[in-house]
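Listed below, chain by chain, are the residues.
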Amino acid sequence: MIAALADDTRRWAFELLSTRPMSVGELAEGLPVSRPAVSQHLRVLKDAGLVREERVGTRRIYSVAPRGAEPLRDYLDRLWSTALARFEEAATEQARQKEPDA
């Protein structure tokens with residue numbers, strides 16, 4: 001999932017889709033790549049579970065998958081919690097070293 005968002009164009013497409021569902025054509029208007037390239041990027045996002053596709057007549061409308069980003073959020077929460085715990089340990093140790101001996 002992180003790899004799918006590593007590309008700037010895919011991140012931009014994902015961010016645009018977070019505002020509202022769009023077709024490939026609508027996305028291509030807001031991105032600096034061709035419609036076929038947008039389709040390829042959407043396929044990667046769809047395979048990663050980040051976006052979903054719905055057929056409406058002859059068009060395909062893409063939107064953010066409701067629970068697609070949960071694994072990424074969970075990963076970042078764990079990463080952030082670990083980083084904060086390490087920071088707290090380092091700050092506590094530094095404060096302890098600065099305390100005058102009683």
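All of the points below concern the structure found in this document. Computed from a predicted model, the values in this text were never measured in an experiment.

Details of the packing of helix α1 (residues 8–17) against helix α3 (residues 35–47)
Across the interface, α1 lies against α3 with an axial gap of 10 Å and an inter-helix angle of 75°. In terms of their interaxial angle, α1 and α3 are classed as roughly perpendicular. Side by side, α1 and α3 meet where T9, R10, A13, F14 and L17 of the first sit next to H41, L42, V44 and L45 of the second. Per-class residue counts for the contact of α1 with α3 are six nonpolar, two polar and one charged.

Quick look at the pairing of strand β2 (residues 51–56)
Judged from the six bridges that link them, β2 and strand β3 (residues 59–64) form a sheet pairing that is antiparallel. Looking at the pairing, R55 lines up with R60 of β3. Linking β2 to β3, which pair antiparallel, is a turn of two residues; within it G57 sits at a positive phi near 65°.

So, the environment of R73
Here R73 is to be found in helix α4 (residues 70–98). On a C-alpha basis, the gap between R73 and V51 in space is 15 Å, while along the polypeptide they are 22 residues apart.

What counts, and at which threshold
Residues numbered from 1 in each chain as written. Predicted model: local features only at pLDDT ≥ 70, side-chain atom pairs only at ≥ 80, totals over all residues. Heavy atoms only, no water. Axes fitted to C-alpha atoms, helices over the stretch in contact; angles between N-to-C directions. Helix = DSSP H or I, 4+ residues; strand = E, 2+ residues; numbered from the N terminus. Parallel < 35°, antiparallel > 145°, perpendicular 65-115°, else oblique. Contact = heavy atoms within 4.5 Å. Nonpolar A, V, L, I, M, F, W, Y, C, P; charged D, E, K, R; others polar. Pairing = 2+ DSSP bridges.

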